[in-house]
Amino acid sequence: GMKFNDLNNNGIKDEGEPGLRDWYINLNGPVNRVTQTGENGSYVFTGLPAGEYVVTEDLQPGWVQTYPPPPGSHTVILAQDEVVTGKDFGNFRLGIIGGVKFNDLDGDGVKDSGEPGLRDWYINLNGPVNLVTQTDENGNYIFIELPPGEYTITEDNQAGWIQTYPVNPNYHTIIVSSGTEVQDAHFGNFKPGRISGYKWFDYNTNGVWDEGEPPLEGWTINLDGPQTGSTVTNNSGYYEFTDLNYGLYTVTEVLQNG
């Protein structure tokens, strides 16, 4: 018979589905033997006396058997000088989907060198099976032993972050067939920046906010750069600009008369 890679998991050797080499096939009956499949997935036992035989395979990790149906073996009653063929075995290799959740420091939607992973973010898998996992200390996540079908992978966004990859749509769609191994279903997020400070009355003009020098309320502070804005200091002299994109900014004050 033949040992084949059942790419679509339908239990049939369809055109184009390749053989699998170096799998162990077992024969038990009047004589007991073990052989390995050849380069094209074929195997053969020859010189057998008549009798009843059971043919099985040794399943390999990460694979499921799709043919023959349970119990997953062939029973053959062999007559003298009889040749029996077509005792095939089909297997599907369970899929793997993984990726990295990264801090997109410059917000460009690309994982650049030096951009770190983000740990403890939830990643969701929906499809023939539904799973949830968390990213590890390096931002990596992985789903293993996936049956065939179409999957959608999403992230649970956290407060204060903006997803930069993927966008439009903001999820990955992956079709798993036998042996599918996707390791680049990444997610990138940018945490908007904040610029803040205080405005104070520098009594002694030394450029240091000394004890007893009061804050200045109602002064206008301007922001220029990738985003622009204007604000006014509060009664503590405090100002801030929030939700800022990556880039170089200039902060200035509007000097008052005197």
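Our structure's up above, just so we're on the same page.
To keep things clear, this report deals only with the structure shown in the data block. (Residues numbered from 1 in each chain as written. Predicted model: local features only at pLDDT ≥ 70, side-chain atom pairs only at ≥ 80, totals over all residues. Heavy atoms only, no water.)

**Re the pattern of salt bridges**
And step 1. The final tally for this structure, using the stated rule, is six salt bridges.
And step 2. Note that K3 is salt-bridged to E57, the shortest N-O span being 2.5 Å. Of this pair, K3 sits in strand β1 (residues 3-5) while E57 sits in strand β4 (residues 51-57), and the two are 54 residues apart along the sequence. In this pair, the class of K3 matches that of E57, namely buried.
And step 3. A salt bridge links R21 to D22; the shortest N-O distance between them is 3.3 Å.
And step 4. Residue D22 is classed as partly exposed on the basis of its relative accessible area, which comes to 37%. (Salt bridge = Lys/Arg side-chain N within 4 Å of Asp/Glu carboxyl O. Helix = DSSP H or I, 4+ residues; strand = E, 2+ residues; numbered from the N terminus. Buried < 20%, exposed > 50% of the residue type's maximum accessible area, 1.4 Å probe, protein only.)

**Section: the side chain of D6**
And step 1. Examined against the element boundaries, D6 turns out to sit in the loop between β1 and β2 (24-28).
And step 2. The buried charged residue D6 lacks any salt bridge, with K3 as its nearest oppositely charged partner at 9.3 Å.
And step 3. A distance of 2.7 Å separates a polar atom in the side chain of D6 from a polar atom in the side chain of T66.
And step 4. With residues up to four places along the chain from it excluded, the contact list for D6 reads G11, I12, E17, T66, N91, F92 and S178. (Lys, Arg positive; Asp, Glu negative; His and termini not counted. Polar contact = N/O pair within 3.5 Å; in protein donor to acceptor, adjacent residues only side chain to side chain. Contact = heavy atoms within 4.5 Å.)

**Some thoughts on the packing of aromatic side chains**
And step 1. Taken as a whole and judged by the stated rule, the model has 11 aromatic pairs.
And step 2. Residues Y141 and F143 carry aromatic rings whose centres are separated by 5.8 Å and whose planes lie at 65 degrees to one another, so their mutual orientation is edge-to-face.
And step 3. The side chain of K101 reaches across the aromatic face of W121, ending 4.2 Å from its centre.
And step 4. Across the ring face of W219, the terminal group of K199 is positioned such that the distance to the ring centre comes to 4.2 Å. (Phe/Tyr/Trp six-rings, centres within 6.5 Å; stacked < 30°, edge-to-face > 60°. Lys NZ or Arg CZ within 6 Å of the ring centre and 35° of its normal.)

**Observations regarding the nonpolar core**
And step 1. Formed by 15 residues in total, the largest nonpolar core has its most connected members in I97, L125, Y141, Y151, I153 and I174.
And step 2. When contributions to this core are tallied by element, the ones reaching two or more residues are β9 (122-126), β11 (140-146), β12 (149-155) and β14 (172-176).
And step 3. Looking at which element gives the most residues to this core, the answer is β11, with three residues.
And step 4. Setting aside anything within four residues of it in sequence, one finds L125 in contact with I97, N130, L131, F143, L146, Y151, T152 and I153.
And step 5. The next biggest cluster of nonpolar side chains, apart from the first, holds eight residues, and it includes I25, L27, Y43 and F45. (Core = buried A, V, L, I, M, F, W, Y, C linked by side-chain atoms within 4.5 Å.)

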